[in-house]
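# Chain and residue survey
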Amino acid sequence: MYNAKAVVAGIIIFVVLCTSPFWAGRTGQDYKKTGIVPPGDEKNCVENVTFMRAQHMRLLNEWRDEALRKENRTYIAADGKKWIISLQNTCLKCHSNYKDFCQKCHVANSVDPYCWTCHIIPGENK
Amino acid sequence: MAKLPAPQMLIASRPDFPDQRWLDVKPEFTPGTFCYPAKKDTMEILHMPNPHEWDPAADDWGLPENWEKILCDAFADRLEKHRSLKLFMDICVRCGACADKCHFFLGTNDPKNMPVLRAELLRSLYRRDHTMLGKLLGRKAGARKWDKNVVKELFYYAYQCTECRRCSLFCPYGIDTAEITMIVRELLHEVGLGIHWIMDPVKNCSFTGNHLGIQPHSFVEIVEMLADDCETITGIRPKTPFNKKNAEILFITPSGDVFADPGIYTFMGYLMLFHELDLDYTLSTYASEGGNFGSFTTFNMAKKLNAKMYAEAERLNVKWLLGGECGHMWRVLNQYMDTYNGPTPANMIPPVSPVTGTVFHNAASTKMVHIAEFTADLIYHNKLKLDPGRNDHIITTFHDSCNPSRGMGLLDEPRYVLKAVCNNFIEMPENTIREQTFCCGAGSGLNTEEIMELRMRAGMPRGNALRYVQQKFGVNHMACICAIDRATLPPLANYWAPGVTVSGLHELVANALVMKGETKRTMDLRQEDLPGADGDEPADAPAARGEGE
Amino acid sequence: MFSSLLLVLLIGAVAWAGAAAGFASLFGAALPYAATVIFIVGMIRRMTYWATSPVPFCIPTTAGQEQSLAFIRQAKIDCPSSSAGVFARMFLEVACFRSLFRNTRASVRGRDSATAGLSIVYYSSKWLWFFALVFHYCFLLVFIRHFRFFMEPAPSCISFLESLDGIMQTGSPRFFWTGALLLIALLFLLGRRIFNERLRYISLLNDYFPLWLLIGIAGTGVCLRYFDKTDIATVKIFIMGVTHFAPVSPEGIAPLFFVHITLVCALLLYLPFSKLAHMAGVFFSPTRNLRADSRRTRRINPWNPPKQYFTYAEYEDAYRDAMAEAGLPLEKQPDKSAG
């Protein structure tokens, strides 16, 4: 091999960079569960858990549009149950523990919703 | 030579891209599209492999029995020898940035003259034998096998590339088609395919010392004649030292300058300049060739022809080498010579100008200085008495030769000299000069008559730029620092921009040079009357100096 | 072009079907391991393959004035004679695509009154440079953004990067510019292959396939974020399991995620064996990474063959009489008796 020094140095840099997803995770903690504390004894939220985990932001967007743009305050869930569209009075009624619920996943996954620039973070002093 | 179509026709007659995929298109060997093949005895005497008589226009090229194995093995061998080849075969992304940078493509609109596709001709063969995708997918992945038509195609396009490196300037990975063309030509020589216009000079250079095969006594005679001409013009007969031992400097220039108009005037310029400086130098009849057509053949042939320079420097016990104006000569001297035939003999020292004392640090190892560097240094130190007014009848532009610009970076030295000896200097448009310069269209051994139309096509970008400054600024002269240019630009200018004359840089230097004890100049180096020399003021001296710089 | 699109769609469909049929671990864990190993080993082999051949000659493309006389200004970056100059040249080449920035478009015109019917006009043409740069940098930024799934806690620099990327605060989840620009740049690169005659003529399956693949990767990524969402907390748990070599059950993750992963793996598998190896190759390019000092420093060619040439002695033997007659100095005088 010619220019071995430079080439080997280049290969080492390359390998270090390309394996970074593997070693970067070891600098902090492992992440085996989300650690969220669901409120109360409810098995389901407005919709079922799988849907809510993946799509809650979509539902919130939908609710916002329904309530504020169409003045419709009623949501009929997939199971036929009727809900009042309201963040404060429906969602946050159960999900009052911001720190152990919302923030758990949001912080871990670096999700920074700007809901709370206007809405009051649940559980905080008014 | 067939009659050339008018320039407008030449442009209009560029065909559209073929409908077929490039892998399916075969080149047509019609007269005028190919160079004549090298003669069998030439190849034999040079010990080139598989010498044979053949005709590019014929179906059968008489390739040796095991031609495919020879080529495959030679290709594999070159891959082992040149990292550049492996790399350039692997990493081209076909972004197409190189496509319209090639003068051959612009002039012919033949897609295979796009540098990317020119390289792809070889790359397709590489894919089959050296890459996994090519082995798996074959033609779908652009791989193909060797066959005789592929060999013909390689020949066709390897001799439609002048190794000017313009594409490599624009390539995001620096892929240099010159490198690929050199290696393709080397491969073709393995099966005995070469061209006459290159191999004949190689043979001559090999055995008589220069491309033209001028024997020592004739060489001396011609130079003496040129010295006589100098005397006619200036009243001073410059010295013509030959094979002189212990001289300080050995001067080597392309033999074309001794032989061919207008190179001879440049040569006279050298003689006059050196005489005026009283330079302790010598010419050599043995190393009487600066150019190196071997470099258009194989790396080893280039080395072989180049070896004479240091050998002669050692025998004559000179201190350093001075090189004349030449393009590919300087590509070899600048980027290859030291590696080929160095280290320099013990008698040589890093070059020092005996006139100004300037040390040429940039040539410390090869110990060879370009005449433009040498003269620029003289002018900077005010060592030459110059009367640029003698060049007032010309409005000159400057053609950067490919090799000194992109294989050396010699851009400002010749301009510095030119501006000192000419009052009227106009640059051609910026995309056609300096490192972006266009080839004369006939470099790398393609300056042969039988492909004149092709040369004019390839010279179209250069011709067009010249025509532009001719019409806009009244340019009537083009200076250059390349012996091949001096041979190829006059027909090019004649075709694309009639009325523009071509000369080397040192012809203009010598025209302006005021020599000690000279008689009043009434004519220039071409023995044409100098306007205003009979006492009148020049009627309408153009005053457009330095525009477009 | 279409066959490569079909190929990418096929890969995606297989991954979707496989994940939906319960082989998600295969596509989410086993394949990434294999792809990473093959990618890294393949690239190392590619680099050592290049490195086993020497660079026999000093062949930089000089893109500016050489270093010569003191009063002539050298182009220190474009024609570098020092290692610092080479470093700067390479940096600009790799980080800013300097050579591509030079790009011009030559237009041959048949009729032009100013030049009596002949002209070639050179236009500055920076679109390729611009979109190539946009593509590469967006790709890099998108890759860096993904570290929120590789690290716990997600580092603050990633959050900062995301806040920049989503600086317009459009929509929720916030719209990231890099993702969209990545797609736009890829569509430009694909578009020029389809609509530019020259590009169309030179383009091969090997050119379209990586483009479709990248479009597939970016497209599925964008989908996963804005449209067909999946629970990213579960995704992160799954990914962290994979990167810690302790894969967990992929239960609850949408099949589209596995399509995304599979396409990335296809890219990793393809990369070392294709033109995409230019990511390492550009550093090896001898026309860019060498100092233009070939007359100052001698370069050694490891396979330099022995010198073989027509020596002066042979030359004088051949021409001695003629040389004597011309009065040239000789090493050995002609043999009078023979003449």
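Because the structure is a prediction, the values reported are computed rather than measured.

### Some points on the overall build of chain B
A tally of regular secondary structure across chain B gives 24 helices and seven strands. Computed over C-alpha atoms, the radius of gyration of chain B comes to 24 Å, within 12% of the 24 Å expected from 2.2 N^0.38 for 549 residues, which places it in the range of a compact globule. A buried classification covers 63% of the 549 residues belonging to chain B. Look at the contacts in chain B between residues 6 or more apart in sequence, and 77% of them connect residues 24 or more apart.

### A closer look at the overall build of chain A
Check the secondary structure of chain A and you find five helices and two strands. Listing each helix as α and each strand as β along chain A from the N terminus yields α-α-α-β-β-α-α. The C-alpha radius of gyration of chain A comes to 22 Å, more than 25% above the 14 Å expected for a compact globule of 126 residues. With respect to the three principal axes, the spread of C-alpha positions in chain A is 75 × 30 × 30 Å. Looking at the 126 residues of chain A, the share that counts as buried comes to 11%. Sequence separation of 24 or more characterises 51% of the internal contacts of chain A that already satisfy a separation of 6 or more.

### What to know about the interface of chain B and chain C
Each partner contributes residues to the interface: chain B has 101 residues there, and chain C has 86 residues. Among the elements that make up the side of chain B that touches chain C, the one with the highest residue count is helix H15 (residues 299–315) of chain B (seven residues). Here the side of chain B that touches chain C is composed, by residue class, of 46 nonpolar, 30 polar and 25 charged.

### Comments concerning the packing of helix H1 (residues 4–18) of chain A against helix H1 (residues 2–51) of chain C
Remark: H1 of chain A packs on H1 of chain C, axes separated minimally by 11 Å, with the N-to-C direction vectors making an angle of 165 degrees. With respect to H1 of chain C, the axis of H1 of chain A lies roughly antiparallel. Crossing of H1 of chain A against H1 of chain C: the hand is right-handed. Of the residues in H1 of chain C, those touching H1 of chain A at Val7, Gly10, Ile11, Phe14, Val15 and Cys18 of chain A are Ile40, Met43, Ile44, Met47 and Ala51 of chain C. Looking at the contact of H1 of chain A with H1 of chain C residue by residue, the class counts come to ten nonpolar, one polar and no charged.

### Observations regarding the sheet that holds strand S7 (residues 501–504) of chain B
Residue and element names in this part refer to chain B. The parallel open sheet is built from three strands, whose spatial order is S5-S6-S7. Where the open sheet ends on each side, the last strands, each with one partner, are strand S5 (396–399) and S7. Strand-to-strand, the axes of this sheet are offset by a mean angle of 30 degrees, without reference to chain direction. Bridge analysis of S5 against strand S6 (residues 477–480) gives four bridges, and the strand direction is parallel. Note on S6: the bridge partner recorded for histidine 399 is cysteine 480.

### Re unusual backbone geometry
Leaving glycine aside, a negative phi is the common case for residues, and trans is the common case for peptide bonds. Residue and element names in this part refer to chain B. A cis amide bond links aspartate 261 to the next residue, proline 262, at an omega of 5 degrees. We note that asparagine 109 has phi near 55 degrees; this positive angle belongs to a residue other than glycine. Take asparagine 109: it is sitting in the loop between helix H5 (103–108) and helix H6 (115–130). Looking at asparagine 109, the number of C-beta atoms within 10 Å reads 18, which means it is partly exposed. Located in the positive-phi region is asparagine 382, a residue other than glycine, with phi close to 60 degrees.

### Comments concerning the pairing of strand S1 (residues 249–252) of chain B
For a regular strand, side chains alternate in direction, first toward one face of the sheet and then toward the other. All names here are of chain B. Residues Ile249 and Phe251 of S1 are buried on one face, and the alternating residues Leu250 and Ile252, pointing to the opposite face, are buried as well. Pairing analysis gives two bridges linking S1 to strand S2 (residues 281–282), with the strands arranged parallel. Bridging from a neighbouring strand, leucine 250 pairs with threonine 282 of S2. The pairing of S1 with strand S3 (residues 320–323) spans four bridges and is classified as parallel.

### Examining the interface of chain A and chain C
Residue-level contacts link 36 residues of chain A with 35 residues of chain C. In terms of residue class, the side of chain A that touches chain C is made up of 18 nonpolar, twelve polar and six charged.

### Here we look at the domain arrangement of chain A
When its domains are assigned, chain A resolves into domain 1 (47–82) and domain 2 (86–126). The straight-line distance from the C-alpha centre of domain 1 of chain A to that of domain 2 of chain A is 17 Å.

### Points about the sheet that holds S3 of chain B
Residues and elements named next belong to chain B. The four strands lie next to each other as S2-S1-S3-S4, forming an open sheet whose pairing is parallel. Looking at which strands have only one partner, the edges of the open sheet turn out to be S2 and strand S4 (368–370). Its contacts with the sheet put helix H18 (residues 371–380) on S3 and S4, and the angle it makes with S4 is roughly 70 degrees.

### Section: the confidence of the model for chain A
Per-residue pLDDT for chain A has a mean of 88; in total, 97% of the residues score no lower than 70. Ranking the elements of chain A by mean pLDDT puts helix H4 (residues 87–94) of chain A last, at 87, and H1 of chain A first, at 95.

### Focus on the arrangement of the chains
Looking at the two pairs of chains with contacts, the pair that accumulates the most is chains B and C. Separated throughout, chain A and chain B approach each other most closely at a C-alpha pair spaced 10 Å apart.

### With respect to helix H3 (residues 67–81) of chain B
Residues and elements named next belong to chain B. The end-to-end C-alpha distance of H3 is 21 Å, a good match for the 21 Å that 15 residues give at a rise of 1.5 Å each. Three or more residues of H3 are buried, namely Leu71, Phe75 and Arg78. Relative to the axis of H3, the buried residues are bounded by an arc of 65 degrees and lie together on one face. Of the exposed residues in H3, the ones pointing more than 90 degrees away from its buried face are Lys69 and Asp73. Along its buried surface, H3 packs onto helix H4 (83–91), H6 and helix H10 (177–190).

### Thoughts on the nonpolar core
One finds Cys98, Met268, Leu271, Leu418, Leu466, Ala493 and Val509 of chain B to be the most contacted residues of the largest nonpolar core, which totals 262 residues. Element by element, the count of residues in this core is highest for H1 of chain C, at twelve residues. Residue contributions to this core reach at least three from each of two domains, namely domain 1 (2–289) and domain 2 (314–339) of chain C. Not counting chain neighbours up to four residues away, the residues in contact with valine 509 of chain B comprise Gly269, Leu273, Thr375, Val417 and Val421 of chain B.

### Structural notes on the environment of arginine 83 of chain B
Among the secondary structure elements, arginine 83 of chain B is positioned in helix H4. Residue class for arginine 83 of chain B comes out buried when judged on the 22 C-beta atoms lying within 10 Å of it. Setting aside chain neighbours within four positions, we find arginine 83 of chain B in contact with Trp50, Ser53, Pro54, Val55, Phe284 and Pro286 of chain C.

### Observations concerning the pairing of S3 of chain B
Residues and elements named next belong to chain B. Both faces of S3 are covered, namely the face carrying Trp320 and Leu322 and the face carrying Leu321 and Gly323. Sheet topology places S3 next to S4; three bridges connect them, and they run parallel. Pairing of leucine 321 across the sheet is with methionine 368, part of S4.

### Quick word on the packing of H1 of chain C against helix H8 (residues 205–226) of chain C
Residues and elements named next belong to chain C. Put simply, H1 and H8 touch, their axes get as near as 8 Å, and they point 40 degrees apart. If you check the angle between H1 and H8, you find them oblique. H1 and H8 meet at a crossing whose hand is right-handed. Only Leu205, Tyr208, Phe209, Trp212, Leu213 and Gly216 of H8 make contact with H1, whose side of the interface consists of Ser3, Ser4, Leu5, Leu7, Val8 and Gly12. Its residues assigned to classes, the contact of H1 with H8 comprises eight nonpolar, four polar and no charged.

Conventions adopted
Residues numbered from 1 in each chain as written. Chains lettered and ligands numbered in written order. Predicted model: local features only at pLDDT ≥ 70, side-chain atom pairs only at ≥ 80, totals over all residues. Helix = DSSP H or I, 4+ residues; strand = E, 2+ residues; numbered from the N terminus. Rg over C-alpha atoms; globule rule 2.2 N^0.38 Å. Buried ≥ 20, exposed ≤ 12 C-beta atoms within 10 Å, placed from the backbone. Contact = placed C-beta atoms within 7 Å. Nonpolar A, V, L, I, M, F, W, Y, C, P; charged D, E, K, R; others polar. Axes fitted to C-alpha atoms, helices over the stretch in contact; angles between N-to-C directions. Parallel < 35°, antiparallel > 145°, perpendicular 65-115°, else oblique. Left-handed = near helix turned anticlockwise from the far one by under 90°. Pairing = 2+ DSSP bridges. Domains from an automatic or database assignment. pLDDT = per-residue confidence, 0-100. Expected span 1.5 Å × (residues − 1). Arc of directions from axis to C-beta. Core = buried A, V, L, I, M, F, W, Y, C linked by C-beta atoms within 7 Å.

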